[in-house]
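Each chain, letter by letter, is given below.
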Amino acid sequence: MNPDARSFRGSAPAGRRCRLGPLVVLAALTVALTTPLTAQNPDRATLREIERRVDTMAPTSGPPGTKVRVASGEMPSITPIRVGLGGVRSGFESLISLLTTMDGEFDVTLELPRWATWDRVHRFVVFDIYFKPIALSELFHVTNEEGFIHRRGRVVEAPGGCLRLDDVDGVTYALDGATDGLAAGASVVVEGPVRSGGG
């Protein structure tokens, strides 16, 4: 972490940790792992190259141990696949192997592994038996038990004077709540709840 980065949590005066209100996902930008998925993948594909999306992922955030439904169609029919979880700038792990239906569908409920951390976003990855990724979920935000995420990044002033956080994983968040003491250009660590959408 940048030694000049400021931390905000709670509602204390500047210079102490103060909690910002909900972090709102403004844009789930296409995010790639900074290294190939694994040496098991002969194509060395990155997440950026995968266009197919998983149809259903619910819920979209939660702490390790959360049960998450992952389901999709339009997969190859009657084909063995694996569903795994990967963190941005880290590896991935296969969580289950299964067979798609004749219609190319699958529907599974998985437990979020204990190793999933609240300081980066994750995606569920569907890959074939050779570990070639074929589909991705939208972003999944791993939280702590309080429902908070932990992000590092730079504060940017958005149109209208609102502040946003461009985090180190390439995801943009609107900052909502007590943002006093934050200025554009500041390197910060933010802890707070997240909600999807613009509301």
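As the structure is a prediction and not an experimental result, all values here were calculated from the model. (Residues numbered from 1 in each chain as written. Predicted model: local features only at pLDDT ≥ 70, side-chain atom pairs only at ≥ 80, totals over all residues. Heavy atoms only, no water.)

We now examine the environment of Arg 154. You can see Arg 154 is positioned in strand E12 (residues 148-157). Among all residues touching Arg 154, those that are not within four sequence positions of it are Arg 164, Leu 165, Asp 166, Gly 185, Ala 186 and Ser 187. For Arg 154, the side chain forms a polar contact with the main-chain oxygen of Gly 185, separated by 2.3 Å. (Helix = DSSP H or I, 4+ residues; strand = E, 2+ residues; numbered from the N terminus. Contact = heavy atoms within 4.5 Å. Polar contact = N/O pair within 3.5 Å; in protein donor to acceptor, adjacent residues only side chain to side chain.)

With that out of the way, let us pick up unusual backbone geometry. Cis rather than trans, the peptide bond between Ala 58 and Pro 59 has omega equal to 0°. Positive phi is not limited to glycine here, since Glu 74 has a value of about 60°.

Going residue by residue along strand E13 (residues 163-167), you find Leu 163, Leu 165 and Asp 167 tucked away on one face and Arg 164 and Asp 166 left uncovered on the opposite face. Where E12 meets E13, five bridges bridge the pair, whose relative direction is antiparallel. What sits directly across from Gly 153, in E13, is Asp 167. The antiparallel hairpin formed by E12 and E13 contains five residues in its connecting segment, where Gly 160 sits at a positive phi of about 85°. (Buried < 20%, exposed > 50% of the residue type's maximum accessible area, 1.4 Å probe, protein only. Pairing = 2+ DSSP bridges.)

Glancing now at the nonpolar core. By size, the foremost hydrophobic cluster in this structure holds 19 residues, and its most contacted members are Val 70, Val 83, Phe 106, Leu 112, Phe 124, Val 126 and Phe 140. For this core, the elements supplying multiple residues, two or more each, are strand E5 (67-72), strand E6 (80-87), strand E8 (106-111), strand E9 (121-128) and strand E11 (140-142). Within the second largest apolar cluster, 15 residues are counted, among which are Val 88, Val 155, Val 171 and Val 190. (Core = buried A, V, L, I, M, F, W, Y, C linked by side-chain atoms within 4.5 Å.)

On to the confidence of the model for the chain, then. Considering every residue of the chain, the mean pLDDT works out to 76; 73% of them sit at 70 or more. Overall, residues 1-21 carries pLDDT values under 50, and its contacts beyond four positions in sequence, including any with other chains, amount to 61 contacts. Low pLDDT, under 50, characterises residues 24-45; the stretch is placed with 57 contacts to residues that sit more than four places away or in other chains. (pLDDT = per-residue confidence, 0-100.)

The next subject is the sheet that holds E8. Spatially, E3-E5-E8 is the arrangement adopted by the three strands of the open sheet, whose pairing is antiparallel. Edge positions in the sheet fall to strand E3 (56-58) and E8, since each has one partner strand and no second. Here the average twist between neighbouring strands, direction ignored, is 15°. Across three bridges, the pairing between E3 and E5 is antiparallel. Among the inter-strand pairings, Thr 56 is bridged to a residue of E5, identified as Ala 71. (Axes fitted to C-alpha atoms, helices over the stretch in contact; angles between N-to-C directions.)

Taken together, the side chains of Ile 78, Leu 99 and Met 102 present a nonpolar region at the surface, about 340 Å² in accessible area. Locating Met 102 in the fold gives a position in the loop between strand E7 (92-99) and E8. (Patch = residues over 30% accessible without salt bridge, like charges linked within 9 Å, V, L, I, M, F, W, Y side chains within 5 Å. Areas by Shrake-Rupley, 256 points an atom, 1.4 Å probe, with all protein chains shown as cover. Salt bridge = Lys/Arg side-chain N within 4 Å of Asp/Glu carboxyl O.)

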